[in-house]
Each structure stands twice: as C-alpha cells, then as structure tokens.
Amino acid sequence: MSFMLNFWKSLLASPDHIQVVPNTGFTVWLTTFTAGAMSFVAVIGLAFSLLCAELSNRWGDSLKSASSIRLSAPTDLLEKQTSIALAILDQTKGVGSARLVGLQDKKKLLEPWLGFDFPLEAIEMPALIEIQETDVGVDYEGLRLRLSAELPSATLDNHSQWRQPIEVFAALISQLGMFTVALLVLSSLAMVSMAANAALSANIKVLRVLRLVGAFDAFIVTAFVRKFTSRVFVGSILGTFCAGIVLVLMPDFSENLGILDEVNLDLIDKIWLGTVPLIFVIISIFATRMAVKTSLKRLM
Amino acid sequence: MLEISKVSYSYGGNSVFSDVSLSVAPGSFYFLTGPSGSGKTTFINLCAGALIPEVGNIRVFGEETRNMSNYELSQMRRRLGIVHQNCEFLDHLSIEENIALPLTVAGMDNTKERANVLELMKWVGLDSKSNVKPQELSGGERQRLALARAVIMSPEIILADEPTGNVDWEMSQRLLTLMIELNKMGKTIFISTHDLSLIRLAKANVTARTLRISDLKLSQAGADL
C-alpha cells in the first residue's frame, strides 16, 4: 500500500526520475514506434467496430418492425385492390402505419440496378404497400389468411426469411468488433511489454548502478515508468492522429446506399477514439512496472 | 558494525567458503586477500547484501541481511560505500552528476550537498572534468570517480573490491592514500586485493588487518606478507 502511495506520489513529482534513464538508443524508437503503430491499428479497429455496431443496430431496427404487401393485378384493378388492402390493414391490430410506395420511391429503390433515367412509369409494376408495426406486433398468420380470402393477388412479406439471418449476422459483426478491440488491447499490452523488456535489457546497467547507489525500488520503477510512458504517449498521440486523418479521408457514404446511408461516427464514438492514447498510457504504466519489477527481482 | 557468523556459500554445489566468521569494528581497516577465484568478490557481495548466505548470518549495522526487504537493503546501501573493480556508471550523465547520483536517488540533491560534490571532485582530482562523460576517463580516473561516488553519502563502511585491479602502481598508491584519509576520518575500510605490495604500503601508514581466503576458510594473515 505504501509502495503504491510512494509510486503515485513520485510519478507526479520530481524530474530527477527522468534523468537517470538514458534518452538515446534504438529502444526509444522501438517504444515510440510500437505505441504509434498499435494505436493506429486500435483506432482504426475501434472505429470500424463502432460503425459495425451502428450498422447492425440500424439493420435490426429497420427490419424489426417492417413488412410489405405486393399486389400484382392488371392496371385497371390495381387501384381498387390497393384500397381494399389499405382498408384491411387499417382494421388489423398492431399495424402502426401502411403506405403505398409511390413511383418516385420505386425509382429510387431500383436506381442502383436500372439507372436514374429509366422510364419506370412505362412498364407495368406491382403495387407495394409498406407496413410499420406497433410494439404490439401483427398477427401475420391471421393477416395472410384474410388477404388470401379477400385479395388473392396480394403477397404478404414480413421479411422473416431474411430478417433472422441478417439480425444474427449483424449481432455477430458487432460481437466480432468488440472481440477485435479486446484482442487489440491485449496485443498492445504484449507489444508494449516486449518493447519495455527490450529497453530494460539495453539498460540493465542502469538498474545495477541504481541498486548499487541505494535507490529504492519505487524510485527505479518510477524512473522507467515515467520515461517509457512519455515515449508511449508521444507514439500513441501520433498513431491516433494518423488514424484520425485516415478516417477523415474515408469516402462519405451519404446517399443512395440504403442501409449505408449516413453511417458515421458520432460525438460519443469520437470521444471513445480519443481515449486510445490514455488507454495506452495505462497499459504502459502497467506493463513497464511489471517489466521493471521482474528485472529487479532477477538482479537480486 | 559488520558481523559475519558461520557463513557458507557455494555456486551450484561448488563451495566458495564455509563456516566463516568475522567481526568488524567501527573505524578499522581490513584487507582481504587470496588467490583469484578464492571468493573475495563473493565475500564483498555478501557484505553488501547483493548475495544472501546459504548458511549462517551476516549482520550489517545490527540487521541481518537475510531478513531485510528490498527497501531495507537500499537503506543499508546508503550507509555503505561500494567500489567494484569494473566500476559501472550512468554513461549518459556527466562525472559531476554520477558523483551526485546517490544524493539524487536519496532526494538530497540540494545546494549544500552540491558543494560536497565539488569538494569531492577536487579531493579525487577530477575537478577539471566535471562535465566529461565517464567513458572518456582512464582506468585510474574511473576508480577515483567510483570512490567519490561511494563516499558522497558519507558512509560508515567502504567496501572496495579490487579497486586497484585495473590501474598502475602510481594510481594504486593514490587510491590507497585516499582510503587511508577516509579511515582517518573514522570510516571503516574493507578492501579486497591480491596486490601484496599495496598491503605492505598501507601497513606502513595505518593499522590494517589482513585476512586471507583459502581452502574455503577465512584466516588472519601473518607478518609474512
């Protein structure tokens, strides 16, 4: 307990701790580069994970409460059948809203395949009614039976065939993203530990001299932790900055991509990404402390 | 001050010495001699708490080294001045900073102690090289630097392991003179050496006892040295 107290006190105090660890050597670059590279990967990984989570939530939300009715009938009967279908839906419990998908919406929907200037009005198209459920939910079996009796040309699709696999897939992507972030944190811990160990091996003489002149373990640990953590922090800031630039330069999926419309990182996500250097500082303190203590034990 | 009681030590089953006892009084001057590989360095390391005896006890300033925590061992080392044959320094620091290192790690790096550093540099004849790095020094200068660093905290005991091993006779004499001066200030001096002429020279100037390690035993050397 007193060791921890002394450690934190000295971590924030005297600059003497810094000067006993040399500034030069390949280990400076090794530590800074490792922290930078791992931070870059962590920020990119975290950003994609957050985007995947948002995407999966959007998929889930949009599919959860949506269904449709397709009416295939000759043009002169189509309007009447549409009115009947809308009337049936109006009487059906659990239907929040029902809307006839207009020509412009259909054009927009088919634009990726047919192009924006395709004369859709020139061909016979089935009518499409989009249904939004309320929280109560719709009895699809009952609705299907009623439609088959009153409107044989209607086809009800509650997306159940592909809703469940997509929901499972979306959840899986989200979980994989989180797993990737966890793996990144662990591998960063390992990389920073390895860099700290390499740096310590190069500075083993410093440990011996400090022990010889009566330095307490807390002093030695703090000296190395402060030096390495400052290097890791600089590397991590650079890595995060570079990753931020890459994310800013990514193409914007803003229009006509359906489920990808407006999939962007919001403020909370950006704050999460901004915490990466801080996470690396914590990792560095933990890893360096362990490495120095192990080296000191070996010296004994 | 320094009590060694029935101490045995071995490396991987090869005994270095066994059942060794010694009591060192404050202000005394000891030489430890013996052939190469007889265990002189091991003996100094045991006294400094860098090694713990397998059997027996070593008490430094009344405390058993075996029972000391790392913190207590560091505290003990602040009261000991240790000089090794292959003296190591922090090469990125200047000579002045290296001499002041024990003060730095003890948090005593204030103006008053700084004055002691300058005085010590003058005493060991390195005052003109205060900003030079240790790797630019000769063997003799490195030994004097090690001695200055060892005494900056005004230790009660100075343990020197072959301090003249890498220097010429003239420099050996100079180092010995410094040790004798320290002893006259009341410091206990414990020097391991195989240089018998150095011991003879010391005995002409100070009351010094000579111990010899041979055949696993520690014995008082006679007047035949």
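This text goes with the structure placed above it.
An account of the accompanying structure is given in this report. (Residues numbered from 1 in each chain as written. Chains lettered and ligands numbered in written order. Predicted model: local features only at pLDDT ≥ 70, side-chain atom pairs only at ≥ 80, totals over all residues. Heavy atoms only, no water.)

1. A word on the pattern of salt bridges
All names here are of chain A.
Stage number 1. Applying the stated criterion across every chain, the model contains eleven salt bridges over all chains.
Stage number 2. Linking Asp217 and Arg211 is a salt bridge whose minimum nitrogen-to-oxygen distance equals 3.2 Å.
Stage number 3. Taking relative accessible area as the criterion, Asp217 reaches 16% and is therefore assigned buried. (Salt bridge = Lys/Arg side-chain N within 4 Å of Asp/Glu carboxyl O. Buried < 20%, exposed > 50% of the residue type's maximum accessible area, 1.4 Å probe, protein only.)

2. Notes on the interface of chain B and chain A
Stage number 1. With 23 residues of chain B in contact, the opposing surface of chain A contributes 19 residues.
Stage number 2. Note on chain B versus chain A: buried area summed over both sides is about 2,100 Å², and carbon and sulfur give 62% of it.
Stage number 3. Here chain B and chain A share two salt bridges between them.
Stage number 4. Summed over the shared surface of chain B and chain A, the result is six residue pairs in polar contact (both at pLDDT 80 or more). (Contact = heavy atoms within 4.5 Å. Buried area = accessible area lost by both parts, 1.4 Å probe. Polar contact = N/O pair within 3.5 Å; in protein donor to acceptor, adjacent residues only side chain to side chain.)

3. A look at the packing of helix α8 (residues 204-212) of chain A against helix α11 (residues 276-299) of chain A
All names here are of chain A.
Stage number 1. At a minimum axis distance of 11 Å, the contact between α8 and α11 shows a crossing angle of 65°. Classified by the interaxial angle, the pair formed by α8 and α11 is roughly perpendicular. Every pair of crossing elements has a handedness; the one defined by α8 and α11 is right-handed. Across the interface between the two elements, Leu207, Arg208 and Arg211 of α8 pack against Val292, Ser295, Leu296 and Leu299 of α11.
Stage number 2. For the contact of α8 with α11, the class distribution of residues is four nonpolar, one polar and two charged. (Axes fitted to C-alpha atoms, helices over the stretch in contact; angles between N-to-C directions. Helix = DSSP H or I, 4+ residues; strand = E, 2+ residues; numbered from the N terminus. Parallel < 35°, antiparallel > 145°, perpendicular 65-115°, else oblique. Left-handed = near helix turned anticlockwise from the far one by under 90°. Nonpolar A, V, L, I, M, F, W, Y, C, P; charged D, E, K, R; others polar.)

4. Considerations on the side chain of Glu64(B)
Stage number 1. Structurally, Glu64(B) is set in strand β5 (residues 63-64).
Stage number 2. What Glu64(B) contacts, discounting residues up to four positions off in sequence, is Asn57(B), Ile58(B) and Arg59(B).

5. Looking at the packing of aromatic side chains
Stage number 1. Throughout the structure, instances matching the rule amount to seven aromatic pairs over all chains.
Stage number 2. Ring geometry for Tyr9(B) and Tyr11(B): centres 5.3 Å apart, planes at 75°, overall edge-to-face.
Stage number 3. The partly exposed category is assigned to Tyr11(B), whose relative accessible area is 42%.
Stage number 4. An aromatic cluster is defined as three or more aromatic residues linked by ring pairs; in this entry it consists of Phe17(B), Tyr30(B), Phe43(B) and Phe190(B).
Stage number 5. Sitting over the ring of Phe216(A), Arg78(B) keeps its end group 4.0 Å from the ring centre.
Stage number 6. Here the guanidinium or amino end of Arg79(B) rests over the ring plane of Phe61(B), the centre of that ring lying 3.9 Å away. (Phe/Tyr/Trp six-rings, centres within 6.5 Å; stacked < 30°, edge-to-face > 60°. Lys NZ or Arg CZ within 6 Å of the ring centre and 35° of its normal.)

6. Examining the sheet that holds strand β1 (residues 2-11) of chain B
Residue and element names in this part refer to chain B.
Stage number 1. If you walk across this open sheet you meet the four strands as β2-β1-β4-β5, and the pairing is antiparallel. For this open sheet the edge positions go to β2 (14-24) and β5, each flanked by a neighbour on one side alone.
Stage number 2. The pairing of β1 with strand β4 (residues 55-60) spans five bridges and is antiparallel. Along β4, the bridge assignment pairs Ser5 with Asn57.
Stage number 3. Contacting β1, β2 and β4, helix α1 (residues 40-47) crosses the sheet at an angle of about 130° to β1. (Pairing = 2+ DSSP bridges.)

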